[in-house]
Amino acid sequence: ILNVEQSPQSLHVQEGDSTNFTCSFPSSNFYALHWYRWETAKSPEALFVMTLNGDEKKKGRISATLNTKEGYSYLYIKGSQPEDSATYLCAYGPNDYKLSFGAGTTVTVRA
Amino acid sequence: GAVVSQHPSRVICKSGTSVKIECRSLDFQATTMFWYRQFPKQSLMLMATSNEGSKATYEQGVEKDKFLINHASLTLSTLTVTSAHPEDSSFYICSARGTLGEVGYTFGSGTRLTVV
(Lines give C-alpha, C1' and ligand atoms only; values in the text may rest on other atoms or scores of the structure.)
Protein backbone atom coordinates (compact mmCIF):
# COMPACT_ATOMS: atom_id res chain seq x y z
CA ILE A 1 0.00 0.00 0.00
CA LEU A 2 1.48 3.34 -1.06
CA ASN A 3 0.96 6.09 1.50
CA VAL A 4 -0.85 9.09 0.07
CA GLU A 5 -1.81 11.73 2.63
CA GLN A 6 -4.11 14.68 2.14
CA SER A 7 -4.33 17.63 4.49
CA PRO A 8 -6.51 18.98 5.89
CA GLN A 9 -9.29 16.42 5.97
CA SER A 10 -11.84 19.20 5.62
CA LEU A 11 -11.98 22.95 5.45
CA HIS A 12 -14.52 25.74 5.30
CA VAL A 13 -13.90 28.83 3.20
CA GLN A 14 -15.90 31.98 2.77
CA GLU A 15 -17.25 32.67 -0.70
CA GLY A 16 -14.78 34.82 -2.58
CA ASP A 17 -11.79 33.73 -0.51
CA SER A 18 -8.98 31.59 -1.84
CA THR A 19 -7.76 28.38 -0.31
CA ASN A 20 -5.28 25.59 -0.83
CA PHE A 21 -4.56 22.12 0.47
CA THR A 22 -1.90 19.49 0.08
CA CYS A 23 -1.27 15.97 -1.09
CA SER A 24 1.89 14.14 -0.09
CA PHE A 25 3.07 10.96 -1.76
CA PRO A 26 6.17 8.77 -2.05
CA SER A 27 8.93 10.64 -3.85
CA SER A 28 10.40 7.49 -5.32
CA ASN A 29 9.18 5.70 -8.44
CA PHE A 30 6.99 8.58 -9.48
CA TYR A 31 4.99 8.42 -12.69
CA ALA A 32 1.93 10.64 -12.28
CA LEU A 33 -0.18 12.55 -9.78
CA HIS A 34 -3.91 12.88 -10.40
CA TRP A 35 -6.41 15.33 -8.89
CA TYR A 36 -10.15 14.63 -8.92
CA ARG A 37 -13.16 16.62 -7.76
CA TRP A 38 -15.94 14.54 -6.26
CA GLU A 39 -19.31 16.08 -5.64
CA THR A 40 -21.87 14.27 -3.54
CA ALA A 41 -23.89 11.67 -5.48
CA LYS A 42 -21.81 12.19 -8.60
CA SER A 43 -18.80 10.53 -10.20
CA PRO A 44 -15.31 11.79 -9.40
CA GLU A 45 -14.24 14.17 -12.16
CA ALA A 46 -10.64 14.39 -13.26
CA LEU A 47 -9.07 17.83 -12.86
CA PHE A 48 -5.40 17.30 -13.59
CA VAL A 49 -2.85 14.65 -14.35
CA MET A 50 0.65 15.89 -13.59
CA THR A 51 3.85 14.14 -14.48
CA LEU A 52 6.75 16.61 -14.45
CA ASN A 53 8.49 18.04 -11.40
CA GLY A 54 7.67 21.73 -11.13
CA ASP A 55 4.61 21.33 -13.32
CA GLU A 56 1.73 23.74 -12.81
CA LYS A 57 -1.71 23.16 -14.25
CA LYS A 58 -4.74 25.43 -14.29
CA LYS A 59 -8.43 24.93 -14.99
CA GLY A 60 -10.48 28.06 -14.47
CA ARG A 61 -10.02 29.18 -10.86
CA ILE A 62 -8.39 25.90 -9.83
CA SER A 63 -4.69 25.27 -10.19
CA ALA A 64 -2.19 22.70 -8.98
CA THR A 65 1.56 22.47 -8.50
CA LEU A 66 3.79 19.44 -8.28
CA ASN A 67 7.06 18.73 -6.48
CA THR A 68 8.13 15.17 -7.19
CA LYS A 69 11.49 15.46 -5.43
CA GLU A 70 9.91 16.14 -2.06
CA GLY A 71 6.66 14.32 -2.80
CA TYR A 72 3.91 16.91 -2.55
CA SER A 73 1.31 18.68 -4.63
CA TYR A 74 -0.82 21.70 -3.80
CA LEU A 75 -4.28 22.40 -5.13
CA TYR A 76 -5.40 26.03 -5.12
CA ILE A 77 -8.89 27.43 -5.46
CA LYS A 78 -9.00 31.13 -6.20
CA GLY A 79 -12.09 33.17 -5.33
CA SER A 80 -14.06 30.17 -4.00
CA GLN A 81 -17.65 29.78 -5.14
CA PRO A 82 -20.40 27.55 -3.69
CA GLU A 83 -20.06 25.22 -6.67
CA ASP A 84 -16.50 24.50 -5.60
CA SER A 85 -17.87 22.62 -2.58
CA ALA A 86 -16.73 19.03 -3.07
CA THR A 87 -14.21 16.47 -1.94
CA TYR A 88 -10.90 16.77 -3.73
CA LEU A 89 -8.96 13.54 -4.16
CA CYS A 90 -5.38 13.12 -5.16
CA ALA A 91 -3.99 9.87 -6.47
CA TYR A 92 -0.38 8.82 -6.92
CA GLY A 93 0.70 6.48 -9.64
CA PRO A 94 4.08 4.75 -9.73
CA ASN A 95 3.20 3.59 -13.23
CA ASP A 96 0.65 4.24 -15.95
CA TYR A 97 -1.75 1.77 -14.43
CA LYS A 98 -2.53 1.64 -10.73
CA LEU A 99 -3.42 4.60 -8.59
CA SER A 100 -3.21 4.98 -4.80
CA PHE A 101 -5.69 7.51 -3.49
CA GLY A 102 -5.62 9.86 -0.55
CA ALA A 103 -8.67 10.12 1.69
CA GLY A 104 -9.56 13.51 0.25
CA THR A 105 -10.02 17.08 1.40
CA THR A 106 -13.65 18.12 1.72
CA VAL A 107 -14.15 21.78 0.88
CA THR A 108 -17.26 23.64 1.98
CA VAL A 109 -17.75 27.12 0.59
CA ARG A 110 -19.96 29.32 2.75
CA ALA A 111 -22.02 31.95 1.00
CA GLY B 1 -16.70 12.80 -23.06
CA ALA B 2 -16.38 9.29 -21.72
CA VAL B 3 -19.03 8.15 -19.26
CA VAL B 4 -19.18 5.08 -17.04
CA SER B 5 -22.66 4.12 -15.92
CA GLN B 6 -22.77 2.20 -12.63
CA HIS B 7 -25.83 0.42 -11.21
CA PRO B 8 -27.36 0.10 -8.76
CA SER B 9 -26.52 3.24 -6.81
CA ARG B 10 -27.82 1.74 -3.58
CA VAL B 11 -28.65 -1.79 -2.58
CA ILE B 12 -29.68 -3.42 0.66
CA CYS B 13 -29.43 -7.18 0.84
CA LYS B 14 -29.79 -9.88 3.43
CA SER B 15 -26.76 -11.59 4.84
CA GLY B 16 -25.87 -14.67 2.81
CA THR B 17 -27.24 -13.43 -0.50
CA SER B 18 -25.27 -12.23 -3.52
CA VAL B 19 -25.30 -8.81 -5.11
CA LYS B 20 -24.18 -7.85 -8.61
CA ILE B 21 -22.89 -4.39 -9.47
CA GLU B 22 -22.59 -3.36 -13.11
CA CYS B 23 -20.36 -0.80 -14.76
CA ARG B 24 -20.94 0.05 -18.39
CA SER B 25 -18.72 2.27 -20.49
CA LEU B 26 -20.77 4.51 -22.75
CA ASP B 27 -19.32 5.77 -26.04
CA PHE B 28 -16.00 4.08 -25.48
CA GLN B 29 -14.51 0.64 -25.02
CA ALA B 30 -13.05 -0.06 -21.61
CA THR B 31 -10.48 -2.79 -22.01
CA THR B 32 -9.56 -2.38 -18.36
CA MET B 33 -11.86 -1.61 -15.44
CA PHE B 34 -10.67 -0.91 -11.92
CA TRP B 35 -12.84 -1.76 -8.91
CA TYR B 36 -12.43 0.14 -5.66
CA ARG B 37 -13.96 -0.06 -2.21
CA GLN B 38 -14.22 2.80 0.24
CA PHE B 39 -14.98 2.54 3.94
CA PRO B 40 -16.14 5.66 5.85
CA LYS B 41 -13.48 8.35 6.25
CA GLN B 42 -10.98 6.25 4.29
CA SER B 43 -9.49 6.43 0.84
CA LEU B 44 -10.53 4.49 -2.23
CA MET B 45 -8.81 1.12 -2.05
CA LEU B 46 -8.17 -0.82 -5.22
CA MET B 47 -9.74 -4.27 -5.02
CA ALA B 48 -9.08 -5.68 -8.45
CA THR B 49 -8.34 -4.91 -12.05
CA SER B 50 -10.48 -6.55 -14.70
CA ASN B 51 -9.39 -6.99 -18.28
CA GLU B 52 -11.78 -7.83 -21.06
CA GLY B 53 -11.65 -11.50 -21.92
CA SER B 54 -9.28 -12.55 -19.17
CA LYS B 55 -9.21 -13.20 -15.44
CA ALA B 56 -9.20 -10.30 -13.06
CA THR B 57 -6.14 -9.42 -11.03
CA TYR B 58 -6.92 -9.08 -7.35
CA GLU B 59 -5.06 -6.98 -4.82
CA GLN B 60 -3.53 -8.61 -1.79
CA GLY B 61 -6.11 -9.44 0.84
CA VAL B 62 -9.10 -9.38 -1.52
CA GLU B 63 -10.85 -12.77 -1.78
CA LYS B 64 -11.38 -13.59 -5.44
CA ASP B 65 -14.02 -16.21 -4.62
CA LYS B 66 -16.02 -13.67 -2.68
CA PHE B 67 -15.72 -10.77 -5.11
CA LEU B 68 -16.35 -12.23 -8.53
CA ILE B 69 -15.42 -9.99 -11.43
CA ASN B 70 -16.56 -10.58 -14.97
CA HIS B 71 -15.46 -8.47 -17.93
CA ALA B 72 -17.02 -10.35 -20.80
CA SER B 73 -17.29 -7.43 -23.19
CA LEU B 74 -15.47 -4.20 -23.89
CA THR B 75 -18.31 -2.17 -22.43
CA LEU B 76 -19.42 -4.14 -19.39
CA SER B 77 -17.70 -5.21 -16.20
CA THR B 78 -19.53 -6.67 -13.22
CA LEU B 79 -18.62 -7.20 -9.59
CA THR B 80 -20.60 -9.81 -7.67
CA VAL B 81 -20.35 -9.88 -3.91
CA THR B 82 -21.14 -13.47 -3.03
CA SER B 83 -22.56 -14.63 0.28
CA ALA B 84 -22.54 -11.08 1.53
CA HIS B 85 -21.96 -10.36 5.21
CA PRO B 86 -22.45 -7.13 7.17
CA GLU B 87 -18.69 -6.47 7.03
CA ASP B 88 -19.01 -6.26 3.22
CA SER B 89 -21.18 -3.18 3.65
CA SER B 90 -19.23 -0.45 1.90
CA PHE B 91 -19.09 1.90 -1.05
CA TYR B 92 -17.97 0.25 -4.30
CA ILE B 93 -16.91 2.24 -7.36
CA CYS B 94 -15.43 1.42 -10.75
CA SER B 95 -13.21 3.39 -13.09
CA ALA B 96 -11.82 3.00 -16.57
CA ARG B 97 -9.38 4.71 -18.85
CA GLY B 98 -11.26 6.52 -21.59
CA THR B 99 -10.19 6.38 -25.21
CA LEU B 100 -11.23 9.88 -26.23
CA GLY B 101 -8.21 11.74 -24.87
CA GLU B 102 -9.78 12.58 -21.52
CA VAL B 103 -7.72 13.64 -18.55
CA GLY B 104 -7.31 10.89 -15.97
CA TYR B 105 -9.70 8.04 -15.40
CA THR B 106 -13.47 7.97 -15.82
CA PHE B 107 -15.42 6.82 -12.78
CA GLY B 108 -18.84 5.40 -12.21
CA SER B 109 -21.01 7.06 -9.60
CA GLY B 110 -20.59 4.27 -7.06
CA THR B 111 -22.78 1.73 -5.28
CA ARG B 112 -23.62 1.89 -1.59
CA LEU B 113 -24.03 -1.70 -0.38
CA THR B 114 -25.67 -2.39 2.95
CA VAL B 115 -25.85 -5.98 4.16
CA VAL B 116 -28.36 -6.60 6.94
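Whatever comes next refers back to the structure up there.
The shown structure was predicted, so the numbers you read here are calculated from the model rather than taken from an experiment.

Colleague: Looking at this model, I keep getting lost on the state of the cysteines. Mind explaining?
Modeller: Put plainly, a disulfide is one covalent bond tying together the sulfur atoms of two cysteines. With the rule as written, the count across this model stands at two disulfides over all chains. The side chain of A:C23 participates in a disulfide bridge whose partner is A:C90; the two sulfur atoms lie 2.0 Å from each other. Across the S-S bond of A:C23 and A:C90 the torsion is about 75 degrees, and the bridge reads as right-handed. Of the two residues, A:C23 is situated in strand 3 (residues 19-24) and A:C90 in strand 9 (residues 86-93); the sequence distance between them amounts to 67 residues. Residues A:C23 and A:C90 agree in their burial class; the two are buried. Covalent S-S linkage joins B:C23 and B:C94, the inter-sulfur distance amounting to 1.8 Å.

Colleague: Before we go on, may I ask you to explain the environment of A:A32 in this structure?
Modeller: All names here are of chain A. Tracing the backbone shows A32 in strand 4 (residues 32-38). A sequence separation of 56 residues divides A32 from Y88, and the C-alpha atoms of the two residues are 17 Å apart. The contact partners of A32, leaving out residues within four places of it in the chain, are V49, M50, T51, A91, Y92 and G93.

Colleague: When you look at the pairing of strand 11 (residues 105-110) of chain A in this model, what are you seeing that I'm missing?
Modeller: When a strand is regular, its side chains alternate between the sheet's two faces. Residues and elements named next belong to chain A. Of the two faces of strand 11, the one holding T105, V107 and V109 is buried and the one holding T106, T108 and R110 is not buried anywhere. In terms of strand pairing, strand 2 (residues 10-14) meets strand 11 through five bridges, oriented parallel. Across the sheet, residue S10 finds its bridge partner in strand 11, namely T106. Both strand 9 and strand 11 contribute to a ladder of three bridges, which runs antiparallel. Its bridge partner being in strand 11, A86 is matched across the sheet by V107.

Reading guide: rules and limits
Residues numbered from 1 in each chain as written. Chains lettered and ligands numbered in written order. Predicted model: local features only at pLDDT ≥ 70, side-chain atom pairs only at ≥ 80, totals over all residues. Heavy atoms only, no water. Disulfide = S-S within 2.5 Å. Helix = DSSP H or I, 4+ residues; strand = E, 2+ residues; numbered from the N terminus. Buried < 20%, exposed > 50% of the residue type's maximum accessible area, 1.4 Å probe, protein only. Contact = heavy atoms within 4.5 Å. Pairing = 2+ DSSP bridges.

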